[in-house]
Amino acid sequence: MIAEELLHFVWQFRLFNQLELYSTDDEQIKIIQVGQCNDNAGPDFLFSQISIDGREWRGHVEIHVDGADWFKHQHHLDAVYNSVVLHVVYQNPVPAFREDGTVIPCFELASLIDTGLLERYRSIMQNLHWIPCEKHLHEVDILHKTQTMQRMAAMRLEQRYGQIQELLTETLDDWEKVLFLQLCRSFGMKVNTHPFLQLGKLVDLSLIRKYRNDIFKMEAMIFGQAGFLTDVPNEGYTKKLAEEYRYLKAIHGLKELKVLEWKFMRMRPYNFPTFRLAQLLALYGRAPFLFEELIHCKNMTDLNQILANVSLSSFWKTHFILGKTTPAHGTDLSPRFIEHIAINAVIPMLFSYGKCMGIDELQTRALEWLAELNAEQNKITQKFSELTLSAMSAADSQGLLQLKQNYCDQKKCLQCNIGLSLLKS
């Protein structure tokens, strides 16, 4: 059996023998225009142009693997399908009727499709490799690979735009709050994304601004809301934070998370959520209206100047977590982590604001920044590199993440330029 999605692909790119085509009623068929692929409800291809027995028809084309699906899907009862001028099937051509009772010409593809195409499709779709085209990826030329990464990077930003729109709805179009939530996600890394985001939703930015010149009060308030002060060692600074939080909680009616939601296991100390939270608070202590500043950054140098000048209190020079002293260490945001923030929070916000406000220059700037940054190093980009698809920039690595998660893992090979290239070869 053949997948209907493959039939759409075959029809769209005319991957069948096109000499002497006839309907099941022996009427000669000439395909002038295959039509526009329809991703919404209704016929599969819109505004097609077909010549049937010397008479030209303009309308829609419906495609089925089995001709009987026309009736199973109840198209014969739906007026939307009255404009269908050709019913394309793989097998079992049966007379199909419009709602008004008129017969639709039928065109059968089974004998016209190259069996080699079907075998390539089955080979790609039925294997259990890391990606479906793993054994064939090296056959694809560099142009198709590059174009795919570029397309996927743009799609990933569009996907982030959709997520940001949801947060804007939640926050009543508060861009500063949405940026804070995006930064919470980024500072949480992959392991602590969820608790960081939940904390971000609890935090009142107006209180952050109120106490921005008093880092002690900011840390007491936010570490308390994070649940880190519910059961603390009897240590000087930590004990004072807990006492201050009890006071702030009473006067502001603060709510808090359960400390069990946070994860520390198998993490580098620099990525401990306590340390990252301290850095995030220091950033907002210096720039309480951060979104306004970021929007006016003209280049990555401007952005680096904002993010690199984050100064933590002396306490964090000898601590990664509350209640446990460590040897002295640096507290600045590392260049690599700044790139992580830019890729996952700042650039999506810049792109989304530009798209929402109709400012093309901001969208272009976001894409340019992504292309300037170093490629991310992770298991996915490393594996793609081994398979001859290497990321040269953050735009490429973001594109590869989008490709793997939204196409390869879901076997959407017929919607991918690389998959199309392999099947058409």
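Residues numbered from 1 in each chain as written. Predicted model: local features only at pLDDT ≥ 70, side-chain atom pairs only at ≥ 80, totals over all residues. Heavy atoms only, no water.

The protein appears in an unreviewed UniProt entry as DUF2851 family protein from Sphingobacterium micropteri.

**Student:** How do you make sense of helix α15 (residues 379-386) when you look at a structure like this?
**Tutor:** Given 3.6 residues per turn, any residue in an α-helix points the same way as the ones three and four places further on. For α15, the complete set of buried residues consists of Ile-380, Thr-381 and Phe-384. In an axial view of α15, the angular spread of the buried residues amounts to 95 degrees, which keeps them on one side of the axis. Away from its buried face, by an angle of more than 90 degrees, α15 presents the exposed residues Lys-379 and Glu-386. The secondary structure elements touched by the buried residues of α15 are α16 (394-408). Capping the start of α15 is the job of one residue whose side-chain oxygen sits 3.1 Å from the backbone nitrogen of Ile-380: Asn-378. Thr-388 occupies a position one or two residues after α15 and carries a positive phi of about 75 degrees. (Buried < 20%, exposed > 50% of the residue type's maximum accessible area, 1.4 Å probe, protein only. Helix = DSSP H or I, 4+ residues; strand = E, 2+ residues; numbered from the N terminus. Arc of directions from axis to C-beta. Contact = heavy atoms within 4.5 Å. Polar contact = N/O pair within 3.5 Å; in protein donor to acceptor, adjacent residues only side chain to side chain.)

**Student:** Help me understand the state of the cysteines, please; the structure alone is not making it clear to me.
**Tutor:** Simply put, the disulfide is a covalent bond whose two ends are the sulfur atoms of two cysteines. Inspection of every chain in the model, using the stated rule, returns zero disulfides. Free cysteine: Cys-416, not disulfide-bonded; nearest cysteine sulfur from Cys-408 at 6.2 Å. On the accessibility criterion, Cys-416 (7% relative accessible area) is buried. (Disulfide = S-S within 2.5 Å.)

**Student:** Please clarify how the packing of aromatic side chains should be interpreted in this entry.
**Tutor:** Overall, the coordinates contain 24 aromatic pairs when judged by the stated rule. Over the ring of Phe-337 we find Arg-276; its NZ or CZ atom is 3.6 Å from the centre of that ring. The side chain of Lys-355 reaches across the aromatic face of Tyr-161, ending 5.5 Å from its centre. (Phe/Tyr/Trp six-rings, centres within 6.5 Å; stacked < 30°, edge-to-face > 60°. Lys NZ or Arg CZ within 6 Å of the ring centre and 35° of its normal.)

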